[in-house]
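Residues per chain, in single letters:
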Amino acid sequence: MNDVLLIMPVALPLLGSIIALALPRRAEHIGLLATAGGVVATLAIGWQVLHGGQLQLALGGWQPGLGIALRADALSTLLLIMSALVMLAASLYATSYFAEPQIKTHFWPLWLLMGAAVQALLLSGDVFNLYVTLELLGLSAVALASLGGKRAAVEAALRYLTVGLLGSMSYLAGVALLYAAYGTLDIPTLATRLDQQPAAWVALSLMTAGVLVKAALFPLHFWLPAAHANAPAPVSAALSALVVKVAVYLIVRLWLDLFAPVLTPAHAGVLGVLGAIAVVWGSWLALRATRLKLMAAYSTVAQLGYLFVFLPLLLATPAGLQRDIVFGALVVLALTHGFAKSAFFLAAGIIQQRAGHDRITDLGGTARALPVTTFVLALAGVALIGLPPSGTFLAKWQLLAAAVSSGQWLWIPVVGVGSLLAAAYVFRVLGHAFGPGERLGPTLRWGRQEVPALLLALVSTLGLGLAGNGVWTFLGRTGPMVWGAT
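Rules used in this analysis
- Residues numbered from 1 in each chain as written.
- Predicted model: local features only at pLDDT ≥ 70, side-chain atom pairs only at ≥ 80, totals over all residues.
- Heavy atoms only, no water.
- Helix = DSSP H or I, 4+ residues; strand = E, 2+ residues; numbered from the N terminus.
- Rg over C-alpha atoms; globule rule 2.2 N^0.38 Å.
- Buried < 20%, exposed > 50% of the residue type's maximum accessible area, 1.4 Å probe, protein only.
- Contact = heavy atoms within 4.5 Å.
- Areas by Shrake-Rupley, 256 points an atom, 1.4 Å probe, with all protein chains shown as cover.
- Lys, Arg positive; Asp, Glu negative; His and termini not counted.
- Charge placed at Lys NZ, Arg CZ, Asp CG, Glu CD.
- Pairing = 2+ DSSP bridges.
- Patch = residues over 30% accessible without salt bridge, like charges linked within 9 Å, V, L, I, M, F, W, Y side chains within 5 Å.
- Salt bridge = Lys/Arg side-chain N within 4 Å of Asp/Glu carboxyl O.
- Core = buried A, V, L, I, M, F, W, Y, C linked by side-chain atoms within 4.5 Å.
- Expected span 1.5 Å × (residues − 1).
- 1 Å grid on protein atoms, 1.4 Å probe; cavity = no way out; pocket = protein on both sides within 12 Å on 5 of 7 lines; lining within 4 Å.
- Points joined across faces, edges and corners; volume = space filled by probe spheres on them.
- Nonpolar A, V, L, I, M, F, W, Y, C, P; charged D, E, K, R; others polar.
- Bend = angle between axes of the 7 residues up to and from the residue.

Here's the deal with the overall build of the protein
Here comes step 1: Secondary structure assignment for the protein yields 19 helices and two strands.
Here comes step 2: The C-alpha radius of gyration computed for the protein amounts to 21 Å, which stays within 12% of the reference 23 Å derived for 486 residues, consistent with globular compactness.
Here comes step 3: Overall, the C-alpha framework of the protein stretches about 65 × 55 × 40 Å when taken along its three principal axes.
Here comes step 4: Counting the 486 residues in the protein, one finds 59% classified as buried.
Here comes step 5: In the protein, the proportion of contacts linking residues at least 24 apart, taken out of those at least 6 apart, comes to 81%.
Here comes step 6: A total accessible area of about 17700 Å² is found for the protein, and carbon and sulfur atoms account for 69% of it.
Here comes step 7: For the protein, the centre of its 25 positive side-chain charges and the centre of its 15 negative side-chain charges are spaced 9 Å apart.

Quick notes on the pairing of strand β2 (residues 69-72)
Here comes step 1: Here β2 shows no split at all, with Ala69 and Arg71 on one side and Leu70 and Ala72 on the other all buried.
Here comes step 2: Pairing of strand β1 (residues 55-58) with β2, which is carried by four bridges, proceeds in the antiparallel orientation. Each residue of the ladder has a partner; that of leucine 55, found in β2, is alanine 72.

Points about unusual backbone geometry
Residues apart from glycine generally show negative phi values, whereas peptide bonds are mostly found in trans.
Here comes step 1: Cis geometry is found at the peptide bond from phenylalanine 218 to proline 219, where omega equals 5°.
Here comes step 2: With respect to the helices, strands and loops of the structure, proline 219 is situated in the loop between α8 (198-215) and α9 (224-230).
Here comes step 3: Here the amide bond leading from proline 388 into proline 389 is cis, since omega sits at 10°, within 30 degrees of zero.
Here comes step 4: The phi torsion at alanine 216 lies on the positive side, around 60°, for a residue other than glycine.
Here comes step 5: Here alanine 216 lies in the loop between α8 and α9.
Here comes step 6: The class of alanine 216 is buried, set by a relative accessible area of 0%.

What about a nonpolar patch on the surface?
Here comes step 1: Together, Val273, Ile277, Trp281, Trp284 and Leu410 make up an exposed nonpolar region whose accessible area comes to about 450 Å².
Here comes step 2: Note on placement: tryptophan 284 falls in helix α11 (residues 265-288).
Here comes step 3: Residue classification places tryptophan 284 among the partly exposed residues on the basis of a relative accessible area of 38%.

Quick word on the environment of alanine 237
Here comes step 1: In this fold, alanine 237 is placed in helix α10 (residues 233-258).
Here comes step 2: Under the relative-accessibility criterion, alanine 237 is labelled buried at 0%.
Here comes step 3: Considered as a pair, alanine 237 and leucine 346 are 109 residues apart in the sequence and their alpha carbons are 6.5 Å apart.
Here comes step 4: Setting aside its immediate chain neighbours within four residues, alanine 237 contacts Leu242, Ser342, Phe345 and Leu346.

Quick word on the nonpolar core
Here comes step 1: Residues Trp111, Tyr171 and Phe259 are the most contacted members of the largest nonpolar core, which totals 174 residues.
Here comes step 2: In terms of residues, this core owes the most to one element, α10, which gives 20 residues.
Here comes step 3: Among all residues touching phenylalanine 259, those that are not within four sequence positions of it are Leu178, Leu194, Ala200, Ala203, Leu204, Met207 and Leu254.

Quick look at α11
Side chains of residues three or four places apart in an α-helix project in the same direction, reflecting 3.6 residues per turn.
Here comes step 1: With 24 residues, α11 ought to run about 34 Å at 1.5 Å a step, and its terminal C-alpha atoms sit 34 Å apart, in line with that.
Here comes step 2: Taken together, the buried positions of α11 are occupied by Ala268, Gly269, Leu271, Gly272, Gly275, Ala276, Ala278, Val279, Gly282, Ser283, Leu285 and Ala286.
Here comes step 3: Those residues of α11 that are buried lie in contact with α8, α10, α12 (292-316) and α17 (411-433).

Notes on the layout of surface pockets
Gaps between atoms show up when a probe of the same size as a water molecule is rolled over them.
Here comes step 1: The computed volume of the largest pocket comes to approximately 550 Å³.
Here comes step 2: Surrounding the largest pocket, 22 residues form its lining, Tyr97, Gly148, Lys150, Pro232 and Gln352 being those nearest its centre.
Here comes step 3: Of all the secondary-structure elements, those providing two or more residues to the lining of the largest pocket are α6 (151-182), α9 and α13 (321-355).
Here comes step 4: When residues in the lining of the largest pocket are grouped by element, the largest group, three residues, is from α13.
Here comes step 5: Taken together, the residues of the lining of the largest pocket break down into 10 nonpolar, eight polar and four charged.
Here comes step 6: For the second largest pocket, the calculated volume is near 320 Å³.
Here comes step 7: Taken together, 14 residues make up the lining of the second largest pocket; nearest its centre are Leu78, Ile81, Leu335, Leu464 and Val471.
Here comes step 8: Elements with a contribution of two residues or more to the lining of the second largest pocket: α2 (27-52), α3 (74-97), α13, α18 (450-466) and α19 (469-477).
Here comes step 9: Here the lining of the second largest pocket gets four residues from one element, more than from any other, and that element is α3.
Here comes step 10: Its residues placed into classes, the lining of the second largest pocket shows 11 nonpolar, three polar and no charged.

Observations concerning the pattern of salt bridges
Here comes step 1: Counted according to the given criterion, the structure contains seven salt bridges.
Here comes step 2: The salt bridge involving arginine 151 is made with glutamate 155; its shortest N-O contact spans 3.0 Å. With a gap of four residues between them, arginine 151 and glutamate 155 both fall in helix α6, about one helical turn apart.
Here comes step 3: Residue arginine 291 is joined to aspartate 358 by a salt bridge in which the shortest nitrogen-to-oxygen separation is 2.9 Å. Placement of arginine 291 in the loop between α11 and α12 and of aspartate 358 in the loop between α13 and α14 (366-369) is noted, with a sequence separation of 67 residues between them.
Here comes step 4: If you follow the salt bridges from partner to partner, you end up with Asp73, Arg253 and Asp257 in one network.

Describing α18
Here comes step 1: Compared with an ideal rise of 1.5 Å per residue, which puts 17 residues at 24 Å, α18 spans 23 Å between its outermost C-alpha atoms and is within 8% of the ideal.
Here comes step 2: At valine 459, α18 shows its largest bend, some 40°.
Here comes step 3: Taken residue by residue, α18 has Glu450, Pro452, Ala453, Leu454, Leu456, Ala457, Ser460, Thr461, Leu464 and Gly465 as its buried positions.
Here comes step 4: The inward-facing, buried residues of α18 contact α3, α13, α15 (371-385), α16 (391-406) and α19.

In structure tokens form, the structure reads like this:
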């Protein structure tokens, strides 16, 4: 009975999307109910996973490999909860963000469809269902990114669509090769059958290349800044916090669950180096960005790079307590970035609506006119830099400790340079925001849009910083961290 819970995070937004399409005048209320229900469902799954271990459900009674299998372990559960909370906060924000009824009519069905795709991807237990959910996610995200209708947004969305389709084709070719070679698509079953043969290597290369495009890892990040910077603010928040994050999640699943038997630390080192370049290059471009949302988008490129730096450390660390600590740090960093970046984009959207632009050099007077919004930017900035007490600080500390213990000294200057550049672009924004200026009008003491952004920023900075140990405890109490480890 408890396993039936796995349907709810997908069914609620999917059903909500259909009803919102049929009843456009009620779409806003339906959207809020569906996303709130998603939070309750994911928290219930978290409770069951914490006390009973991994959950698994074979839809229609078909055995895994023949039908759709849903699975939830500690990793997927934590990301499910984070995704549900970000979707709810962004939904509340969206109720006062969109003014035109026509845009609202299009937004809510697509928004809920994207939410269903995110949750379905996190719960999928075989490589073909992962492809289906990846496609559904990409198409709904592209439609949402172009919702504003401006030329720049549409061009960026079309580039996102083209690149995403190429990535999907590469991934699907790898899936077909795996099925031809091993006769199953179920991840745990495949993990037991994979061996050192060319089919496994080619499938690994195709599937990894396809997902890396969607994860926007350097040098495949070229589509991300324009798409995220020109989308409506709640959409930008979800794209940076969730859509690219689930692509990184997929890489972790493929590399640690599925292809672990055929991988060596040297292979992970390649992704680690690309991640390190992303950290420095993305941070540098964020520092030079002229617009607030463009700065946040380049910051996403950099922050995703840190997640890939963890891979060579994980593969070089023997199974046991030390590896669990490094894995927990990876999860804490992913969660913190999700909450912090969504808060940052929502705050940037408030400034853009109030000022009519998001040019960084023209932000003077923002701190006086929008004190709560400026506070959100500062809190999210603390998490992006990695200052205490944010969750990023804990994660970077463990990353540095693992680099020292494994002798991989290359990552230490990368973390140092990346953190300094992050401090530079965050303080540059705050410096302009606290400068003189009258362009944002009279002071807004407390706006309804600011509440979701503030709560997300507090979770990233104080919640995951002061209670970050709970993530390691949850991962440790729920059994093996990855399906392939069973």
